[in-house]
Amino acid sequence: MALDITRAWFSYEDHAGQPRCVVTTSDMDLDDASTSPVAYIVDKLTYRQWQSPSETDWFQIDFGDDVSIQCLTVVFARITSPYRRYDTQEILPTDTVRHKLDADGGTPGTGAVFDSGVIDSDIDTKRGYHVCALATPVTARYWRCLIDAPSRAGEGFFLVMFVQAGPIFQPAFNHVYGERISYPDNAALQRAPSSQAVFVTRNERTLESQLIWDFIQQSERDDWRGMFEYAGSSEPVTFSIASPDADPFTSVAGPNGWVIEGDKAFVGVFDADLSISSRQFNASIVQIQMTEHR
């Protein structure tokens, strides 16, 4: 399917998180001794992070077989404490990423199927998402992601929380107007009984969104049902709203694509009734609510 970035889309089938996958990095002897190994990037537990041995390194995932890929997502750590606003950020939009995909029987890290070339991460430092969307899907077994974070040279490492790789499902029509985007404050407030003085335990904001797709054709119902059955309310899904201003890139090999701006895409879970309601003959309506997977 050719991607139209002027419409919202989902990537829910995660090939990187399957038990058959093998995750490696540049120095596995060093990684085996690490308390934050590279294997953490696929366990979906975002509080466990890979700490790279330097500010320039790569990870590689063997999916175990050729699979369809159109979206590559890397979730970096972020600074959320208001007291650390002016600290060195965990990652910057000018730090770079390079994605290489190779098929079964090929040489991992060559990029024969797809090589994005060196591209800016386009990270929103408050969110931490790098999302690379290909114009058309490719078939590959190996994904090597090379990260160069000169902004972290003083620290000598970067942190990756979570990665995903999979195909894209894009509804034929965009969601209707009236979408809701919110940032609930997870801070806890307490008041002293006598003085009523406020004591705050600060915490990060969590992105939430609520969107409605209307007049879904009968032929697309199975696509929605397939996504809901796969993801349920526990499996992380990469979601992007319409992003006509996304940064395009010309790949070294394979299809061209876009890096979606860091504030236009996120990884979330569905947390509302996952139902498809008929509204009239050959037309259905879907309302979804997503909460950031953090």
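For the structure itself, look to the data block above.
Since the structure is predicted, the reported quantities are computational estimates derived from the model, not experimental observations.

A.B. asks: Hey, could you go over the layout of surface pockets for me, with residue numbers and the actual values?
C.D. replies: Space inside the second largest pocket adds up to approximately 170 Å³. What lines the second largest pocket is a set of 13 residues, among which Ile-181, Tyr-183, Leu-207, Asp-263 and Lys-264 lie closest to the centre.

A.B. asks: Can you tell me about the packing of aromatic side chains, naming the residues and giving the values?
C.D. replies: What the rule picks out here adds up to 15 aromatic pairs. Seen in terms of ring centroids, Trp-50 and Phe-59 are 6.3 Å apart; in terms of plane orientation they differ by 90°. Their pairing is edge-to-face. Ring geometry for Trp-224 against Phe-228: centres 5.9 Å apart, planes inclined by 50°, an arrangement best described as tilted. Of this pair, Trp-224 and Phe-228 both sit in helix α2 (residues 221–231), separated by 4 residues, roughly a single helical turn. Each member of the pair, Trp-224 as well as Phe-228, carries the same accessibility label: buried. The structure contains a cluster of three or more aromatic residues connected by ring pairs, namely Phe-10, Phe-169, Trp-213, Trp-224, Phe-228, Phe-239, Phe-266 and Phe-270. Over the ring of Phe-215 we find Arg-279; its NZ or CZ atom is 4.4 Å from the centre of that ring.

A.B. asks: Give a detailed account of the environment of Val-286, specifying residues and quantitative values.
C.D. replies: Along the chain, Val-286 falls in strand β19 (residues 283–292). Take Val-286: its relative accessible area is 0%, and that puts it in the buried class. Val-286 sits 12 residues away from Leu-274 along the chain, and the two C-alpha atoms are 8.0 Å apart.

A.B. asks: With reference to specific residues and values, describe the side chain of His-99.
C.D. replies: Of note, His-99 is situated in strand β5 (residues 96–102). Accessibility expressed as a relative area gives 0% for His-99, which makes it buried. Within polar-contact distance, the side chain of His-99 engages the side chain of Trp-143 at 3.2 Å.

A.B. asks: Let's hear about the pairing of strand β18 (residues 277–280): which residues, and what values?
C.D. replies: Where β18 lies against β19, 3 bridges are found, and the strand directions are antiparallel. Its bridge partner lying in β19, Ser-278 is registered against Ser-284.

Cut-offs used in this document
- Residues numbered from 1 in each chain as written.
- Predicted model: local features only at pLDDT ≥ 70, side-chain atom pairs only at ≥ 80, totals over all residues.
- Heavy atoms only, no water.
- 1 Å grid on protein atoms, 1.4 Å probe; cavity = no way out; pocket = protein on both sides within 12 Å on 5 of 7 lines; lining within 4 Å.
- Points joined across faces, edges and corners; volume = space filled by probe spheres on them.
- Phe/Tyr/Trp six-rings, centres within 6.5 Å; stacked < 30°, edge-to-face > 60°.
- Helix = DSSP H or I, 4+ residues; strand = E, 2+ residues; numbered from the N terminus.
- Buried < 20%, exposed > 50% of the residue type's maximum accessible area, 1.4 Å probe, protein only.
- Lys NZ or Arg CZ within 6 Å of the ring centre and 35° of its normal.
- Polar contact = N/O pair within 3.5 Å; in protein donor to acceptor, adjacent residues only side chain to side chain.
- Pairing = 2+ DSSP bridges.

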